[in-house]
Amino acid sequence: MVDILHKVGIKSSSLDEAYKALTTREGLSAWWTNDTKGESKVGGVLEFRFGAGGIDMKVLELQPRKSVTWQVVAGPDEWIGTKVSFELKQDGDWTIVLFKHQGWK
């Protein structure tokens, strides 16, 4: 499978707000799934649950206001070992999020 790449612009958001949305349980629960547990620190594992299923991500890298990188350690077979990253940039009144999900088998 090819890599998944998205570019999203968020108007009236700051790099700090976007970074918190990607690095705190409260922030992650607000936009992905409200059943989010774990530790958002390098080496920690975040657990995202969706009803009966879920995905666990190991936090590989945190660069405040710049980037977040996770690796899937539990979930659907095709997800395990893939990497999810978010790169943040400011462009005027917009916060740009470059999302990548890479390493599919």
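One can find the structure itself at the top, above this paragraph.
Since the structure is predicted, the reported quantities are computational estimates derived from the model, not experimental observations. Position numbers for residues start from 1 in each chain and track the written sequence from start to end. In keeping with the predicted nature of the model, local features appear solely for residues at pLDDT of at least 70, side-chain atom pairs appear and are counted solely at 80 or more, and the whole-chain, interface and lining totals rest on all residues. Computation of side-chain values covers all heavy atoms of the structure but excludes hydrogens and water.

Caption draft 1: Representation of the pattern of salt bridges. Counted as salt bridges are all cases of a side-chain nitrogen of Lys or Arg within 4 Å of a carboxyl oxygen of Asp or Glu. Under the defined criterion, the tally for this structure stands at 6 salt bridges. Ionic pairing is found between aspartate 93 and lysine 11, a salt bridge with its closest N-O pair at 4.0 Å. Of this pair, aspartate 93 sits in the loop between β6 (83-91) and β7 (94-102) while lysine 11 sits in strand β1 (residues 4-11), placing them 82 residues apart in sequence. Given a relative accessible area of 47%, lysine 11 falls into the partly exposed group. Note that aspartate 35 and lysine 37 form a salt bridge whose closest N and O atoms lie 3.1 Å from each other. Under the scheme applied here, a residue whose accessible area is under 20% of the maximum for its type counts as buried, over 50% as exposed, and between as partly exposed, the area being computed with a 1.4 Å probe on protein chains only. Exposure remark for aspartate 35: the relative accessible area of 28% places this residue in the partly exposed category. Numbering of helices and strands runs from the N terminus; a helix is a DSSP stretch of H or I covering at least four residues, while a strand is a stretch of E covering at least two.

Caption draft 2: Broad picture of the nonpolar core. Throughout, nonpolar core names a set of buried Ala, Val, Leu, Ile, Met, Phe, Trp, Tyr and Cys residues whose side chains join them through atoms within 4.5 Å. Judged by nonpolar contacts, the single largest core of 18 residues is most densely connected at Met57, Trp70, Phe86 and Leu88. Of all elements in the fold, only α1 (15-23), β3 (45-50), β4 (53-63), β5 (67-74), β6 and β7 reach the threshold of two or more residues within this core. With 4 residues, α1 is the largest single contributor of residues to this core.

Caption draft 3: A look at the pairing of β7. For β1 and β7, the ladder comprises 8 bridges, and the chain directions are antiparallel. Counted as the bridge partner of isoleucine 4 is histidine 101 from β7. A pair of strands is labelled paired if DSSP reports no fewer than 2 bridges between them. Where β6 and β7 come together, 9 bridges link them in antiparallel fashion. The residue bridging lysine 89 from the neighbouring strand is isoleucine 96, located in β7. The antiparallel hairpin formed by β6 and β7 contains 2 residues in its connecting segment, where glycine 92 sits at a positive phi of about 65°.

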